[in-house]
Amino acid sequence: MQIALVSLSSCLGCQAVFLGMEEYLYAIIGENRISFAPFIMDNREVAPVDLALVEGTVRHAGHFMRAREVREKAERVVALGTCACFGGVQGLADRFAEDTMLRRRFGDAAWEGAPAGVKRLLPLDSFIKVDYFLPGCPPTQDLLRKFLEAALAGAQPQREETTVCAECRVVSPGIPQPGPRRTTEAPPERGKCLMEAGYACMGPLTRDGCGALCPTLMGLPCRGCRGPSDRALLDPHVDMREETVRRLARATDSKAGEVESAVNDPVHAFYMFCLAEPALRRRRPEGSSPFVQRLGER
Ligand code: SF4
Ligand code: SF4
Ligand code: SF4
């Protein structure tokens, strides 16, 4: 099979995972051919390929042209990583107007000749048809390897359908707990459920697949880097913020308002990797901009 590795606006982290797979990567190269990968090869145009792995977001007109070219040349397109699937951390930039964002990043530099920007960040499938989604920031090697084994064999890669909680191996600390609190204020106790211990853990609303890396192995709350679970994404009655606040209030025997005021940056706390996801934006009749403002524009 011919494979393309494409980066739009990205940190290259997802590609780095692919290139870091060592023995498995050699096995892939042995039977397949990477025919487009500007990160490691001197390429300009995408050649016709069977599988294109596309990381990052469409941030300006050049990315859009590249995405369209990939769709024309590739049999199957994979949105690789949470940026491509849900907008990822890049969606947080939507809290600023484009002018403000550019000024904050580049100062008062002259803009003549710069590619036209995209007013609002959107996931890859808002621009082109996507055949498979592999979220994660970045996806773990294990997830990527399993995905590629299926995709390169022509099979339908398996999709995870439960949440991080389903994979998490912690026990209840017993409720109520003091809080809500932040990990910088009081280090969490390893092996205990972070949410029940009063920390905002996005595990109940985040898709599984990472092995609950943060809560189980590091004793830290899940920040949602695998993106919203199917329930969070598809059930119009689920509001990630309200549900997390409700859970925290129950765990700490607090009122919802007390939890709300204790969370000083709700966007980061509840929507760090999915603020750009249209399925969540559409859920609000007032539209996306007031939604972001309601969450606390900065
Ligand atoms: S998903 Fe994460 S690792 Fe991948 S490009 Fe986006 S920010 Fe980088
Ligand atoms: S620590 Fe987080 S991910 Fe683990 S069970 Fe508790 S809420 Fe779920
Ligand atoms: S536990 Fe959450 S934040 Fe950590 S790797 Fe898994 S999905 Fe990402």
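These numbers come from a predicted model, not from an experiment. (Residues numbered from 1 in each chain as written. Chains lettered and ligands numbered in written order. Predicted model: local features only at pLDDT ≥ 70, side-chain atom pairs only at ≥ 80, totals over all residues.)

**Focus: unusual backbone geometry**
Where we set the bar: Numbering of helices and strands starts at the N terminus; helices are DSSP runs of H or I of at least 4 residues and strands are runs of E of at least 2. Burial is judged by counting other C-beta atoms within 10 Å of a residue's own C-beta: 20 or more means buried, 12 or fewer means exposed, and anything between counts as partly exposed, with every C-beta placed from the backbone.
For the bond running from Cys137 to Pro138, omega is -10°, close enough to zero to count as cis. Following the sequence through the fold, Pro138 ends up in the loop between strand S5 (132–134) and helix H6 (141–152). The phi dihedral of Asp253 is positive, around 55°, even though this residue is not glycine. As for its position among the elements, Asp253 is in the loop between helix H10 (240–252) and helix H11 (256–262). According to the C-beta neighbour criterion, Asp253 is partly exposed, with 13 such atoms within 10 Å.

**Some thoughts on the nonpolar core**
This is how the line gets drawn: Only buried Ala, Val, Leu, Ile, Met, Phe, Trp, Tyr and Cys residues enter a nonpolar core, and they are joined through C-beta atoms within 7 Å. Either an automatic procedure or a domain database provided the assignment from which the domain bounds are taken. Here contacts are defined at the residue level, using C-beta atoms placed from the backbone and a cut-off of 7 Å between them.
Counting 72 residues, the largest nonpolar core has Ala4, Ala52, Leu53, Val54, Val78 and Ala79 as its most contacted members. There are two domains that each give this core at least three residues, and those are domain 1 (2–152) and domain 2 (164–263). Apart from residues lying up to four places away in sequence, Val54 is in contact with Val6, Leu8, Ala67, Val70, Val77, Val78, Ala79, Leu80, Ala84 and Leu124.

**Notes on the site of ligand 3**
Stated precisely, the cut-off is as follows: Each residue gets a C-beta atom placed from its backbone. If that atom is within 6 Å of a molecule or strand, the residue is near it. Each residue is assigned to one of three groups, with Ala, Val, Leu, Ile, Met, Phe, Trp, Tyr, Cys and Pro labelled nonpolar, Asp, Glu, Lys and Arg labelled charged, and all others, Gly among them, labelled polar.
Within the structure, ligand 3 sits among Val164, Thr206, Cys210, Ala212, Leu213, Cys214, Cys222, Arg223, Gly224, Cys225 and Arg226. Within the shell around ligand 3, the residues separate by chemical class into seven nonpolar, two polar and two charged.

**Section: the domain arrangement of the chain**
As assigned here, the chain comprises domain 1 (2–152) and domain 2 (164–263). In this structure, domain 1 and domain 2 have C-alpha centres spaced 29 Å apart. Take the side of domain 1 that touches domain 2: its biggest share by element is three residues, from helix H4 (residues 82–86).

**Looking at H6**
Rule in force here: To estimate how far a helix should reach, multiply one less than its number of residues by 1.5 Å. What the arc covers is the set of directions going from the helix axis to the C-beta atoms.
Taking 1.5 Å per residue as the helical rise, H6 with its twelve residues ought to reach 16 Å, and the 16 Å between its terminal C-alpha atoms agrees with that figure. Among the residues of H6, Leu143, Leu144, Phe147, Leu148 and Ala151 are the ones counted as buried. In a view along the axis of H6, the buried residues occupy a sector of 125°, so they form one face of it. Summarising the contacts, the buried residues of H6 are in contact with helix H1 (13–19), helix H2 (23–31), strand S3 (49–55) and S5.

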